[in-house]
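# Tertiary structure, described
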Amino acid sequence: MPRALRKRERIAQIFDWLVSEFPTPMPVDLKMRKRPGRLKLLGWVERDGRRLKLHINTRAPLYVCVDTVLHEFGHAMSWPASRLENSKPDHDETWALAYGRIYAVYHDGGGRLR
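Cut-offs applied
- Residues numbered from 1 in each chain as written.
- Predicted model: local features only at pLDDT ≥ 70, side-chain atom pairs only at ≥ 80, totals over all residues.
- Heavy atoms only, no water.
- Salt bridge = Lys/Arg side-chain N within 4 Å of Asp/Glu carboxyl O.
- Buried < 20%, exposed > 50% of the residue type's maximum accessible area, 1.4 Å probe, protein only.
- Phe/Tyr/Trp six-rings, centres within 6.5 Å; stacked < 30°, edge-to-face > 60°.
- Helix = DSSP H or I, 4+ residues; strand = E, 2+ residues; numbered from the N terminus.
- Pairing = 2+ DSSP bridges.
- Axes fitted to C-alpha atoms, helices over the stretch in contact; angles between N-to-C directions.
- Contact = heavy atoms within 4.5 Å.
- Core = buried A, V, L, I, M, F, W, Y, C linked by side-chain atoms within 4.5 Å.
- Parallel < 35°, antiparallel > 145°, perpendicular 65-115°, else oblique.
- Left-handed = near helix turned anticlockwise from the far one by under 90°.
- Nonpolar A, V, L, I, M, F, W, Y, C, P; charged D, E, K, R; others polar.

In total, this model carries three salt bridges according to the counting rule given. The salt bridge involving R6 is made with E9; its shortest N-O contact spans 3.9 Å. When its relative accessible area of 42% is taken as the criterion, E9 is described as partly exposed.

With the rule as written, the count across this model stands at five aromatic pairs. For the ring pair W95 and Y99, a centre distance of 5.2 Å and an interplane angle of 5° mean the geometry is stacked. Of this pair, W95 and Y99 both sit in helix α3 (residues 93–108), four residues apart, which is roughly one turn of that helix. Judged by relative accessible area, W95 falls into the buried class, the value being 11%.

Our next topic: the sheet that holds strand β1 (residues 28–33). Here we have three strands laid out as an open sheet, ordered β1-β3-β2, and mixed in their pairing. Unpaired on one side and paired on the other, β1 and β2 (43–48) mark the two borders of the sheet. Across the sheet, the axes of successive neighbouring strands diverge by a mean angle of 25°, strand direction being ignored. Pairing geometry for β1 and strand β3 (residues 51–57), over six bridges, is parallel. What sits directly across from D29, in β3, is K53. Sheet strands in contact with helix α1 (residues 7–21) are β1 and β3, and its direction is about 165° off that of β1. Against the sheet, helix α2 (residues 62–78) touches β1, β2 and β3, its axis set at about 160° to β3.

What follows is about the nonpolar core. Across soluble globular proteins, nonpolar side chains show a tendency to be buried alongside one another. Of all hydrophobic cores here, the largest spans 25 residues; its most connected members are L18, L54 and F73. Contributions of two or more residues to this core are made by α1, β3, α2 and α3. Sorting elements by how many residues they give to this core places α2 first, with eight residues. In this structure, F73 is in contact with F15, L18, V19, F22, T24, V28, L54 and I102, ignoring residues within four places of it in sequence.

This next bit is on the packing of α2 against α3. Interhelical geometry of α2 versus α3 gives an angle of 135° and a closest axis separation of 8 Å. Of the possible angle classes, the one that applies to α2 and α3 is oblique. The chirality of how α2 crosses α3 is right-handed. Contact residues: α2 offers V66, D67, L70, H71, F73, G74, H75, M77 and S78, while α3 offers T94, W95, A98, Y99, R101, I102, Y106 and H107. Within the contact of α2 with α3, the residues separate by chemical class into nine nonpolar, six polar and two charged.

Structure follows, in structure tokens:
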């Protein structure tokens, strides 16, 4: 599949690739939104029932959005399935390993070419 040229399409394309390549404890949905004001939050993950929602602030440049979706998908991969509260896990060792796997495959394994 050729790379999408528009920002939102490219973000969705990378997200779909992540879903197909990396397992998560719960299904993950992508929400793209233009957050008003300054770019304080580039992205976040939250639990919504039995699903996770990965939010990306599309006001940021494409390269920032790409890095953010990779970062946030690391949170989705490391989210404990047993967690009952809606709070987001921190940047612990589990997240670092998940993000490291994503980063390596995306940048070194040809993921960014898809």
